[in-house]
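Chain residues, written in single-letter form:
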Amino acid sequence: MPAEARAALPCDAAELIRRAAALIFDVDGTLAETEELHRQAFNFAFVRHGLGWHWDRAVYKELLRVTGGKERVRAYHVRLGITPPLTDADIAELHRIKTAHYAELVETGCCPLRPGVAELLAAAKARGQRLAIATTTSHGNIDALLSQTLGKRWAADFDAVVAGDDVRHKKPAPDVYLETLARLKLKPSDCVAIEDSANGLIAASRARIPVLITRSLYFRDDDLGGARFVLDDLSELAAAK
Ligand code: XBP
Ligand code: MG
C-alpha cells in the first residue's frame, strides 16, 4: 500500500472516531448490557402468557443470532415444533408484555451505560460531531434506556434515531444503517458505526460504514474480524490522548 494511502488510514480507534462527521450507535450490548434484562423480560412474559418456557443464558445466547424479539420467539417456537403454532397476534401480545416488563426493569436503574459511553457521547458533542442510533430494538426500549441513563431530553443530542420497526429488514440487513445515512445526509465513509455483534457488524458493513466493535457479554466470542477496530469497551477511547 503506498505511503500516502497508509498515512490516510486512522492509526488507531481514537483517531477513527475523531475523524468521523457522525457516530452511529447500536443500542443493545453497545450502549448498555441490556440483553440480560431482555432475557428476564421474555421469561416474565412466558409465565404471564401461560407458556412453560424458560430461556437460560445458554439458550438465549443461541437465540440472539435471530435479531428482533418477535422474530426470536417465532424461531424458538418453530424449533420446539409445537402445534398449533402461536399466531402472530399471540406473539405480538407476548412481546407487548415483555416490552412493558423490560421498561420496568430498566427504570429501576439496574442497567447503566457501559464504560466509556457517556464520556464518548460528551466528547463527540464537544467536537461538534453528530450522533445517531441504528438499532433492532423498538423506540420504546430506546427511550426507556436513554431516559434512565441520559435524562428525559436525551433525544435532543441525536440527529437520527432509527429502530427495528422503522425498516423492512432487521440486522444483519443494512436497512437501519442506510436509513440513518439518508437522514444524516452523509456518506458511509464520513461515519463510524459502533456495534457489539456479528449481525450488527454485517449490517453496517453492508452499508459500507466503518465499524468499531465494543465487545459485549453475549457476543464476546463472535468472529468480529471485519471491524476496523475491536475494543473490550469504549473506555479505551477515553484513555487515548
Ligand atoms: C438487539 C436485538 C433486539 C433485542 C430485543 O438490538 O436484536 O431484538 O435483543 O429487543 P441491537 P426487542 O443490538 O440492534 O440494539 O425485543 O425490542 O427486539
Ligand atoms: Mg447490539
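Going by the structure above, here's the rest.
A short tour of the structure in this document, coming up. Keep in mind it's a predicted model, so treat the numbers as computed, not measured. (Residues numbered from 1 in each chain as written. Chains lettered and ligands numbered in written order. Predicted model: local features only at pLDDT ≥ 70, side-chain atom pairs only at ≥ 80, totals over all residues. Heavy atoms only, no water.)

Here we take up the coordination of the magnesium ion (ligand 2). All of the protein donors around the magnesium ion (ligand 2) are Asp26 (OD), Asp28 (O) and Asp196 (OD); their distances to the metal are 2.2 to 2.3 Å. Binding-site remark: the magnesium ion (ligand 2) is held by donors from one chain whose sequence spacing is D-x1-D-x167-D. Of this pair, Asp26 sits in the loop between strand 1 (22-25) and helix 3 (35-48) while Asp196 sits in the loop between strand 4 (191-195) and helix 10 (198-206), and the two are 170 residues apart along the sequence. Exposure class is identical for Asp26 and Asp196. Each is buried. (Donors = N, O, S within 2.8 Å, 3.2 Å for Na, K, Ca; no water. Helix = DSSP H or I, 4+ residues; strand = E, 2+ residues; numbered from the N terminus. Buried < 20%, exposed > 50% of the residue type's maximum accessible area, 1.4 Å probe, protein only.)

Spatially, 6 strands are ordered 3-2-1-4-5-6 in an open sheet, and the strand pairing comes out parallel. Pairing within the sheet leaves two strands with one partner each, and these edge strands are strand 3 (160-162) and strand 6 (229-231). Taking each pair of neighbouring strands and ignoring which way they run, the sheet shows an average axis angle of 20 degrees. Pairing of strand 4 with strand 5 (residues 211-214) involves 3 bridges; the strand directions are parallel. (Pairing = 2+ DSSP bridges. Axes fitted to C-alpha atoms, helices over the stretch in contact; angles between N-to-C directions.)

The next point concerns the site of ligand 1. If you check the shell around ligand 1, you find 19 residues, and the closest are Glu35, Gly69, His95, Lys98 and Thr135. At a separation of 2.8 Å, an oxygen atom of ligand 1 approaches a polar side-chain atom of Thr137. Here Asn141 contributes a side-chain N or O atom positioned 3.1 Å from an oxygen atom of ligand 1. For ligand 1, whose free accessible area comes to 450 Å², the fraction covered by protein is 95%. (Near = heavy atom within 4 Å. Polar contact = N/O pair within 3.5 Å; in protein donor to acceptor, adjacent residues only side chain to side chain. Areas by Shrake-Rupley, 256 points an atom, 1.4 Å probe, with all protein chains shown as cover.)

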